[in-house]
Amino acid sequence: MAKRKAGQVLVCAPSNVGVDQLTEKIHKSGLRVVRLCAKGREATVSSVDHLALHVMVKNLDSPEWSELRKYQLLRDELGDLSVADARRFRQLKSAAELAILHAADVICTTCVGAGDPRLSEFRFRQILIDESTQAMEAECLIPIVMGCKQIVLVGDHCQLGPVVMYKKAAKAGLTQSLFERLVVLGNRPIRLQVQYRMHPSLSEWSSNIFYEGTLQNGVSGSERQLPGIDINWPNPSRPMYFLTSTGSEELGITGTSYLNRSEAATVEKIVTNMLKAGVTPDQIGVVTPYEGQRAYLVLHMSRNGPLRSELYKDIEVASVDSFQGREKDFIIVSCVRSNEQQGIGFLRDPRRLNVALTRAKYGCIIIGNARLLAKNALWNSLLSHYMERDCLVEGPLNNLQVSQMVLPHPKINMRDVGMNGGSNGSQPVPIEVPRLSITALGQHNQMYSDNSGQDGTDSYGARGMGYRSWGENPEVQSYETSSVASSSVAMGSQYGSGGGQNSFRHGGGYGKDSRFDKRYDNVVSEQRAQ
């Protein structure tokens, strides 16, 4: 975009972490890039400080800015300036900032940061918004009104969406991103089909379930082996396993989140074995959906780990949301939930599971209560996948054995899943669980939505991350959804309508499960007429 010489390019993302990563990568390409931070974040240290506007202003050393440097030194020494000096300093600083911004090929900021007064005089014909499926629609409109002629939206509708804490706003539709709106309105997307991060075994299940099996691997298994590091994988050809844990969950000290002491102890042992095998702390990531478990893990590892506590403190333990868009060589997932009420809370969210499973490059370990999780259709599919590949294990870490358990049948609400048959008066037949395919963009599907604490789930319905349908044969009558959208053309992942005739007619699922069904049906009718 920058090489077309059509003017400066504005690059945005909803999060500061995402913007920093974009800035770093664009800088490596050789383009002149400036990171515009909000005034309140100028004191925050980041990996791209040398590219930040406020730092570049301070480092100006050309003769034409000698007066600005004089005022900066004076303010640093005295702590304050006189009214006249302060006015002159602001004028010089503003002029310097504009000069730096005008000289840049690319300006990077958050979506909200695009409304900064320092950019009020700029008009950007080309805008790229990364992680656009995580941004609320209103956020994306801020950079778009900056004179945009071409917009590129990058994102993955099968991963986490916008965070809306106010439930009424979420139910009113604020959780829908602009990316999703374009898809619902019939814009045909393009998918980036090759992944270069994961070992092929790690991407297999997510590709089949979330991307209709079209995701290709740009790396081979041999390229995803670390020399000199020996980790005892149950199946040596597949660097992954699900370790069954039956320890009970409990509420944390805050009373609002869960923790599982048994899983935490297992995580510490796995981490210790990895460190002894030669893996460095920065290569390991521990992912859990619960803040209570995250806090307990950090404390437990530093206190009970047999190695130096500094090693455990350097290991990143974070929520699934924090890991979106990032990667680690090895990922350990602690599921936490284990109870008699059969509630699994956050774990019911397909997008959150997809994010957790696609962060690892070389190996992934999941710890959880397999018998409880298998009651959920999505987890049943994952556990069946692991079992078929001898990766569902149990026992002590030094003697892991392939589990012989018989997975219970998942509980599927027929209102929320695609069904085959039934169109000619015959009894509808439920789909086979191993062939489930998830399609996106549905909101408030009760199969995944919150029950405000009922049946053991968490009060977290604000995000509206339900999926439009579970369906068989998503390649039939399917529409593509997006991972990148340019102007009115969305680019990205396929949107399988799923569920046979019933699912297609109702916009996904056996019944109306989306506030966009009517609009979606209109799009389908128009395309059928053509």
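Residues numbered from 1 in each chain as written. Predicted model: local features only at pLDDT ≥ 70, side-chain atom pairs only at ≥ 80, totals over all residues. Heavy atoms only, no water.

Let us now look at the overall build of the protein chain. Scanning the protein chain for helices and strands turns up 17 helices and 24 strands. A total of 530 residues make up the protein chain; the buried ones form 56% of that total. Counting contacts in the protein chain only where the partners sit at least 6 residues apart, residues at least 24 apart contribute 73% of the total. (Helix = DSSP H or I, 4+ residues; strand = E, 2+ residues; numbered from the N terminus. Buried < 20%, exposed > 50% of the residue type's maximum accessible area, 1.4 Å probe, protein only. Contact = heavy atoms within 4.5 Å.)

Here we take up the pattern of salt bridges. Going through the model one piece at a time under the given rule, you end up with 22 salt bridges. The partner of aspartate 116 in a salt bridge is arginine 118, with the nearest N and O atoms 2.9 Å apart. Here the two residues aspartate 116 and arginine 118 agree in accessibility, since each one is buried. Of the charged contacts in the structure, one is a salt bridge between glutamate 137 and arginine 181, with a shortest N-O distance of 2.4 Å. Here arginine 181 lies in helix 7 (residues 178-184) and glutamate 137 lies in helix 5 (residues 137-144), a separation of 44 residues in the sequence. You can call glutamate 137 buried: its relative accessible area is 18%. (Salt bridge = Lys/Arg side-chain N within 4 Å of Asp/Glu carboxyl O.)

Another aspect to go through is the pairing of strand 11 (residues 284-287). Here strand 11 shows two buried faces, one formed by Ile284 and Val286 and the other by Gly285 and Val287. Judged from the 4 bridges that link them, strand 11 and strand 13 (residues 328-334) form a sheet pairing that is parallel. Bridging from a neighbouring strand, isoleucine 284 pairs with phenylalanine 330 of strand 13. (Pairing = 2+ DSSP bridges.)

To continue, consider helix 1 (residues 16-28). The end-to-end C-alpha separation of helix 1 is 19 Å, in line with the 18 Å expected for 13 residues at 1.5 Å each. Among the residues of helix 1, those classed as buried are Gly18, Val19, Asp20, Leu22, Thr23 and Ile26. Buried-residue contacts for helix 1 involve strand 1 (9-13), strand 2 (33-35) and strand 3 (106-110). The first or second residue beyond helix 1 is glycine 30, which carries a positive phi of 100°. (Expected span 1.5 Å × (residues − 1).)

So, on to empty space enclosed by the protein. One pass over the full model with this rule turns up 4 cavities of 30 Å³ or more. Of the voids in this model, the largest cavity is the one considered here, and its volume is about 90 Å³. Forming the boundary of the largest cavity are Pro289, Val320, Val333, Ser334, Cys335, Phe346, Leu347, Asp349, Arg352, Leu353, Ala356 and Trp379. For the lining of the largest cavity, the secondary-structure elements that each account for two or more residues are strand 13 and helix 13 (350-357). Top contributing element to the lining of the largest cavity by residue count: helix 13, with 3 residues. For the lining of the largest cavity, a count of residues per class yields 9 nonpolar, 1 polar and 2 charged. Its boundaries defined by the atoms lining it, the second largest cavity holds a volume of some 70 Å³. At the level of elements, helix 8 (200-210) and helix 15 (377-388) are the ones that each hand at least two residues to the lining of the second largest cavity. Of the residues forming the lining of the second largest cavity, the biggest block, 4 residues, is contributed by helix 8. Tallied by class, the residues present in the lining of the second largest cavity amount to 7 nonpolar, 3 polar and no charged. (1 Å grid on protein atoms, 1.4 Å probe; cavity = no way out; pocket = protein on both sides within 12 Å on 5 of 7 lines; lining within 4 Å. Points joined across faces, edges and corners; volume = space filled by probe spheres on them. Nonpolar A, V, L, I, M, F, W, Y, C, P; charged D, E, K, R; others polar.)

In this section: the environment of valine 355. Considering the arrangement of structural elements, one finds valine 355 in helix 13. Expressed as a C-alpha distance, the spacing of valine 355 and arginine 326, which sit 29 residues apart in the sequence, is 9.5 Å. Sequence-distant contacts of valine 355, that is, excluding residues within four places in its chain, are made with Gln159, Leu160, Val320 and Gln324.

Purely geometric stuff here, so don't read any function into it on its own.
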